[in-house]
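Residue-level structure breakdown
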Amino acid sequence: MQRLLFLMLTLVVSAFPLTAKAWWQADWNFRKQISVDTTAQAGAINDNVGRVPLLVRLHTANFAFDGVNENGSDLRFVASDDKTVLNHQIESFDPLLGMALVWVDIPEVVGAQRQDIWMYYGNQQAPATSNGQLAFDPNYTLVYHFNGAPDAPPRDSTAYSNHAQTAPAGMVDGVIGRAAQFAGGAPLMLPASPSMALPSAGAFTFSAWVRADQPAGTQLVYARRDSGNSLLIGLDNGVPFVEVSGQRTQPGQPLSPAAWQHLAVTADGRQAVLYVNGQPAATLGVSLPALNTVAAIGGDVPGAVAAAPETAPAEGAAATAPGADAQASMPVTPAVVYTPFIGAIDEIRISKIARPAAVIRADAMAQGAESRLVVYGADEEQSGFGFGGLGYLLNAVPLDAWIVIAVLVFMMIQSWVVMISKNRKVSRVEEGNARFRQAFSKIGNRLEMLMDDAALKGALGEAPLWRLYEVAVNELRVRRAHGADTSSISGATIEAIRASMDAVRTREVQTLGRRMGVLSNAIAGGPYIGLLGTVLGIMVVFLGTAMAGDVNINAIAPGMAAALLATAMGLFVAIPALFGYNRLQGRNKDVGADMRVFVDEFVTRLAEVHGESQVDEIARAA
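Rules of the game
Residues numbered from 1 in each chain as written. Predicted model: local features only at pLDDT ≥ 70, side-chain atom pairs only at ≥ 80, totals over all residues. Heavy atoms only, no water. Helix = DSSP H or I, 4+ residues; strand = E, 2+ residues; numbered from the N terminus. Buried < 20%, exposed > 50% of the residue type's maximum accessible area, 1.4 Å probe, protein only. Contact = heavy atoms within 4.5 Å. Salt bridge = Lys/Arg side-chain N within 4 Å of Asp/Glu carboxyl O. pLDDT = per-residue confidence, 0-100. Pairing = 2+ DSSP bridges. Axes fitted to C-alpha atoms, helices over the stretch in contact; angles between N-to-C directions. Core = buried A, V, L, I, M, F, W, Y, C linked by side-chain atoms within 4.5 Å. Phe/Tyr/Trp six-rings, centres within 6.5 Å; stacked < 30°, edge-to-face > 60°. Expected span 1.5 Å × (residues − 1). Polar contact = N/O pair within 3.5 Å; in protein donor to acceptor, adjacent residues only side chain to side chain. Nonpolar A, V, L, I, M, F, W, Y, C, P; charged D, E, K, R; others polar.

**Focus on the overall build of the protein**
A tally of helices and strands in the protein yields eleven helices and 26 strands. In the protein, which comprises 622 residues, the share counted as buried stands at 47%. The long-range fraction of contacts in the protein, counting pairs at least 24 apart against all pairs at least 6 apart in sequence, stands at 74%.

Dropping the structure here:
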């Protein structure tokens, strides 16, 4: 029974999951649950990712854009504790088209785990708090979203203000928002700022979404040269490569033409790793040289002359494909100019640290058009009860349904009190009977031996078998006190003692069944009372709709759902009462059968020890 009650309490808690989440601030009317899922069924990232700027991609399939400000100024992102506000940057927000791109700073993404955050909106007076300098951690030295004017140089979203020196050839639709278009002309030039300076054997990360429209030749995506040293990232006939001062990674699989793919390179002072779509594609066992000059995106640095790699690997340098143990590199031959990149590039990021592989994979998964890493939940509207969607439902319950629900709540509390108290009572009875049985099994023919044990009498006060035994022994002693010879008892006397024991047994059975009618009423009456509330609620809904003259699902649905809540409440009263009643009835029957068996056993043993012999009975009859 205790396990049953615990199960029912668990069902109660699971039936109201929204009550465990408090509302962040009352000024925001709506919120939306967003989950970062790194489990095997979603992102499948087992390593801890750490701090990540997560892309929240809103569109009409996952967000209605109702109740939100036109510019998204009321957007707030809060951690699962409903206290910690997360920094964010709005890249684009267009409620008319139903599209928005928002970067949210997640402090810690844990591997193989689902984490929830809340997006709050619906506050007309809320000031804008979008800030890319806070949304991207200080190790990002350059972030281009390409969300500015088409003919203006891209602006850096980080605090370092490494804005581009030139504008791209054009703008096209990118994998995230807008992207820079490259038609084989002049590259996009990056500044030579102190924050972009790269020391010898320094750490570095470059990442971008790349669409190679014409992958023929050797095209450069990123180029930086300084005093004979160089760091080049590009495509050789569509095959991505990293080249450091003439040493290049071995060729791998080519990128798909005219398709967006995530390209990233990390360097930690010992080696450079090339990633394609979040997966390692090649490794170059060299450290980066010191680079303090300007860099170019989509082509080589103006005025520079590079070289094409030879087929033979150079001694002392190494490059590997994924899973390969041996490493080799290939020198380049001077006087070969690289071909400018033809295609589009989106979301360029440069960091002054080597980002972990888990971060690169998370970026590639979260930023893609179909992200398995980010899961969008339902929108909730704040209610006066502070229970989210449940509170919104309760807020629509009419007064007559509230009266019915109040009656059902009273019945529920009453039935649960009865079940718990009766369950404890029966447990004490069963325990006391078991102890009495153990003691009675040792007395043999000395039927009155237990009567004078005061300690045993106090310990067995809850046992009905003790009270049956007590009344039988008292009947013997009363007759003895009145001068009767109890050493030879007639059959009539034995039947009289049995009758006294049966009377006590009947009263004990009545005690066990007391207040069970409360559960019967809950089982039989709960659903009908709930149905009454539902009928009254539906009548009120239809009457109000008819009077208003406006028939639509948005007007009817809340009242209908609230009316059905009365029926659900009635079932919630009846179902636990039904299980509890059946369980208690079964245990009561077991106790009753135990008492009946003991009466027969005691009377039989009494007749054996104190009953008249057959000769005495014949003589008495004569």
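Structure shown, so let's carry the discussion forward.
**Thoughts on the environment of Gly 285**
Considering the arrangement of structural elements, one finds Gly 285 in the loop between strand E19 (279–284) and strand E20 (295–297). Residues Gly 285 and Arg 270, 15 residues apart in the sequence, show an inter-C-alpha distance of 6.4 Å.

**A few points about the pattern of salt bridges**
Counted according to the given criterion, the structure contains 26 salt bridges. As a salt-bridge pair, Glu 508 and Arg 467 come within 2.4 Å of each other at their nearest N and O atoms. Of this pair, Glu 508 sits in helix H8 (residues 491–513) while Arg 467 sits in helix H7 (residues 464–481); the two residues are 41 residues apart in sequence, bridging distant segments of the chain. Ionic contacts of the salt-bridge type, sharing partners, join the residues Arg 437, Asp 594, Glu 601 and Arg 605 into one network.

**With respect to the confidence of the model for the protein**
For the protein, the mean per-residue pLDDT works out to 85, and 85% of the residues sit at or above 70. Within the model, the stretch residues 11–20 combines pLDDT values under 50 with nine contacts to residues more than four positions away or in other chains.

**A closer look at the sheet that holds strand E5 (residues 88–94)**
The sheet built from three strands is open, its strands ordered E2-E6-E5 with antiparallel pairing. The open sheet has two edge strands with one neighbour each: strand E2 (50–59) and E5. Within the sheet, the average angular offset between the axes of one strand and its neighbour, ignoring direction, is 20°. Two strands pair when backbone bridges link them, and E2 and strand E6 (residues 99–109) are joined in this way by nine bridges, in the antiparallel orientation. Across the sheet, Leu 58 pairs through a bridge with Ala 100, a residue of E6. In the packing of helix H3 (residues 357–367) onto the sheet, contacts are made with E2 and E6, and the angle to E2 comes to roughly 5°.

**Structural notes on unusual backbone geometry**
Leave glycine aside and you will find that most residues have negative phi; peptide bonds, for their part, are mostly trans. Here Asp 82, not a glycine, exhibits a phi torsion of approximately 60°, which is positive. Among the secondary structure elements, Asp 82 is positioned in the loop between strand E3 (76–79) and strand E4 (85–86). Since its relative accessible area comes to 8%, Asp 82 is described here as buried. Positive phi, normally seen in glycine, also occurs at Arg 515, with a value near 70°. Following the sequence through the fold, Arg 515 ends up in the loop between H8 and helix H9 (516–548). What makes Arg 515 partly exposed here is its relative accessible area of 44%.

**Topic: the nonpolar core**
Core analysis: the largest hydrophobic core is formed by 41 residues, its most contacted members being Leu 190, Phe 204, Phe 206, Tyr 222, Ile 297 and Ile 348. When residues of this core are assigned to their parent elements, the largest contribution, five residues, is made by strand E12 (residues 204–212). Residues contacting Leu 190, with those up to four places away along its chain left out, are Leu 142, Tyr 144, Gln 165, Met 196, Tyr 222, Val 294, Ala 295, Ile 297 and Ile 350.

**A closer look at the sheet that holds E4**
Here we have five strands laid out as an open sheet, ordered E4-E3-E7-E1-E26, and antiparallel in their pairing. Where the open sheet ends on each side, the last strands, each with one partner, are E4 and strand E26 (374–381). By the bridge criterion, two bridges tie E3 to E4 in an arrangement that is antiparallel. Among the inter-strand pairings, Phe 77 is bridged to a residue of E4, identified as Leu 86.

**A short note on the pairing of strand E10 (residues 178–183)**
Bridge count for strand E9 (residues 170–173) against E10 is four bridges, and the pairing is antiparallel. Looking across to E10, one finds that Met 171 is bridged to Ala 180. Between E9 and the antiparallel strand that follows it, E10, lie four residues.

**Section: the packing of aromatic side chains**
Aromatic rings in a pair are described by how distant their centres are and how their planes are angled relative to each other. One pass over the structure, following the stated rule, counts 23 aromatic pairs. For the pair Phe 136 and Tyr 140, a centre-to-centre distance of 5.6 Å together with 85° between the ring planes defines the contact as edge-to-face. In this structure, Phe 136 and Tyr 140 share a single accessibility class: buried. Considering the side-chain rings of Phe 440 and Phe 598, the 5.2 Å spacing of their centres and the 70° angle between planes classify their relative orientation as edge-to-face.

**With respect to the environment of Val 78**
As for its position among the elements, Val 78 is in strand E3. In this structure, the C-alpha to C-alpha distance between Val 78 and Arg 31, residues 47 residues apart in sequence, is 9.8 Å. Not counting chain neighbours up to four residues away, the residues in contact with Val 78 comprise Trp 24, Lys 83, Thr 84, Val 85, Leu 86, Ile 117, Trp 118 and Tyr 120.

**So, H8**
The terminal C-alpha atoms of H8, which comprises 23 residues, lie 33 Å apart, in line with the 33 Å expected from a rise of 1.5 Å per residue. Restricting attention to buried positions, one finds in H8 the residues Thr 493, Ile 494, Ile 497, Ser 500, Met 501, Val 504, Arg 505, Glu 508 and Leu 512. One or two positions beyond H8, positive phi appears at Arg 515, with a value near 70°.

**A word on the side chain of Ser 351**
Position of Ser 351 relative to the elements: it lies in strand E25 (residues 342–351). Here the side chain of Ser 351 touches Arg 355 through a polar contact of 3.1 Å, side chain to side chain. If near-sequence neighbours (up to four positions away) are discounted, Ser 351 is found in contact with Asn 139, Tyr 140, Thr 141, Ala 203, Phe 204 and Thr 205.

**Looking at the environment of Ala 208**
Of note, Ala 208 is situated in strand E12. The buried category is assigned to Ala 208, whose relative accessible area is 0%. As a C-alpha pair, Ala 208 and His 262 span 54 residues in sequence and 6.0 Å in three-dimensional space. When sequence neighbours within four positions are dropped, the list of residues in contact with Ala 208 reads Gln 261, His 262, Leu 263, Ile 345, Asp 346, Glu 347 and Ile 348.

**Some words on the packing of helix H5 (residues 399–440) against H8**
Between H5 and H8, the least distance of the axes is 10 Å, while the angle of their chain directions is 145°. Contacts from Lys 422, Val 426 and Val 429 of H5 reach H8 at Thr 511, Leu 512 and Gly 513. Here the contact of H5 with H8 is built from residues that sort into three nonpolar, two polar and one charged.

**Quick word on the pairing of strand E7 (residues 114–121)**
The two faces of a sheet get side chains in turn, since along a regular strand they alternate between them. With respect to burial, E7 is a largely interior element, six of its eight residues being buried. Where strand E1 (residues 30–37) lies against E7, eight bridges are found, and the strand directions are antiparallel. Across the sheet, residue Arg 31 finds its bridge partner in E7, namely Tyr 120. In terms of strand pairing, E3 meets E7 through four bridges, oriented antiparallel. Residue pairing across strands places Val 78 opposite Trp 118, the latter belonging to E7.

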